[in-house]
Amino acid sequence: MLNDEELHSYQQDGQINSPVSISSEMLETIKEKMGLFFINNPELDQDYAPDLFKYDRSWLDIAKAPEILDIVAQIIGDDIICWGSAFFAKRGLGGKATPWHQDGQYWPIEPLETCTVWIAVDHATEENGCLRVIPGSHKNREHFAHFRDDSDEIVLNQALDLDSLPFGNPRSVILKPGMFSIHDAFMIHGAEANNSGQQRAGLTFRYMPGTSHFNRLKAKEMVNELGVIDISERDIFLMRGFDRSRLNDISEI
Ligand SMILES: O=C(O)CCC(=O)C(=O)O
């Protein structure tokens with residue numbers, strides 16, 4: 001759980017490193033499952049592999065770990081829907097950068113009250129391209145103008161030109177294996193390419209409150225308007241509480 005100071009810090013910055021880690025057993029499970037996942041699905045891009053639940057529902061056992069959900073509940077409330085999962089498992093050579101972006105640019109969630117949990121599978125350091133965040137950039141809940149970049153050198157394809165925005169220096173999110181970071185959908189972040197020779201894998205889960213709607217029609221529109229990947233048909237899952245919006249199409253666990 002976050003104490004008052006930590007919660008305040010999340011609200012001010014739009015990002016915080018969790019004060020707790022997942023258990024070492026769970027970390028070992030993730031490592032084993034991740035290894036098998038990429039062996040069994042060799043066509044996937046390890047740098048960014050979204051929608052793990054499509055391949056294996058047992059990833060939900062990690063997404064619903066109480067040490068994660070208790071913190072997510074402090075941020076978005078007790079009705080929690082997990083609507084996304086992905087690996088950013090950057091191997092350490094020939095790596096792709098993650099451009100500066102705001103997650104909400106890609107997502108059809110209304111209202112956009114959603115957060116990401118980024119679990120460090122390996123050490124995440126400045127040398128191997130840890131996440132970098134712009135503290136406070138989420139505060140006005142405003143989307144800045146992204147441009148499309150389909151280059152092979154980056155993961156994702158919506159990017160921000162940081163130099164044109166009125167923000168201070170980025171902060172590095174340095175994590176030991178098993179620690180996790182939480183960030184807001186409006187907070188600007190990115191990561192350098194990892195050419196360190198040391199793998200930097202992050203496992204992400206995305207959560208929204210039961211009062212938000214995962215709008216599948218909007219997801220389709222975003223594919224046409226922005227060229228983002230189509231997430232309109234993915235399964236989403238209730239982790240705790242209720243779908244208060246009554247608009248969500250939720251899959252059974
Ligand atoms: O791990 C990365 O390189 C990027 C992660 C990211 O952009 C996210 O989790 O929203």
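Residues numbered from 1 in each chain as written. Predicted model: local features only at pLDDT ≥ 70, side-chain atom pairs only at ≥ 80, totals over all residues.

Participant: Please clarify how the overall build of the chain should be interpreted in this entry.
Facilitator: When helices and strands are counted, the chain shows 5 helices and 15 strands. In terms of overall size, the chain behaves like a compact globule, its C-alpha atoms giving a radius of gyration of 17 Å where 253 residues would be expected to give roughly 18 Å. Structurally, the chain occupies a C-alpha span of about 45 × 45 × 40 Å along its principal axes. Within the chain, the proportion of its 253 residues that are buried is 38%. In the chain, of all internal contacts separated by at least 6 residues, the share reaching a separation of at least 24 is 85%. (Helix = DSSP H or I, 4+ residues; strand = E, 2+ residues; numbered from the N terminus. Rg over C-alpha atoms; globule rule 2.2 N^0.38 Å. Buried ≥ 20, exposed ≤ 12 C-beta atoms within 10 Å, placed from the backbone. Contact = placed C-beta atoms within 7 Å.)

Participant: How should the environment of M239 be read in this particular structure?
Facilitator: Here M239 is to be found in strand β15 (residues 237-240). Each C-alpha atom, one on M239 and one on P66, is 10 Å from the other, the two residues being 173 residues apart in sequence. In this structure M239 touches A63, K64, L69, I80, I81 and C82, once residues within four positions along its chain are discounted.

Participant: Just to check I follow, could you spell out the environment of R132 for this structure?
Facilitator: Take R132: it is sitting in strand β7 (residues 131-133). With 19 C-beta atoms packed within 10 Å, R132 lands in the partly exposed category. In the structure, R132 is positioned 55 residues away from M187 in sequence and 11 Å away in space, judged by C-alpha atoms. In contact with R132, other than residues within four places in its own chain, are P170, R171, S172, V173, H189, G190 and A191.

Participant: Would you mind showing me how to read the site of the ligand here?
Facilitator: Near the ligand the following residues occur: F88, T98, D103, T116, W118, L131, H189, A191, G202 and T204. Of all the secondary-structure elements, those providing two or more residues to the shell around the ligand are β6 (115-120), β12 (189-191) and β13 (200-209). Partitioned by chemical class, the residues of the shell around the ligand number 4 nonpolar, 5 polar and 1 charged. (Near = placed C-beta within 6 Å. Nonpolar A, V, L, I, M, F, W, Y, C, P; charged D, E, K, R; others polar.)

Participant: Teacher, can you tell me more about the pairing of β13 here?
Facilitator: Each regular strand carries side chains that alternate between the two faces of the sheet. Judged by how many residues are buried, β13 sits mostly within the fold: 10 of 10 residues are covered. Alternating residues of β13 divide into R200, G202, T204, R206 and M208 and A201, L203, F205, Y207 and P209, and every residue in both groups is buried. Of the pairings in the sheet, the one linking strand β3 (residues 80-90) to β13 comprises 10 bridges and is antiparallel in character. Among the inter-strand pairings, G84 is bridged to a residue of β13, identified as R206. Pairing between β6 and β13: 6 bridges, direction antiparallel. Residue pairing across strands places A120 opposite G202, the latter belonging to β13. (Pairing = 2+ DSSP bridges.)

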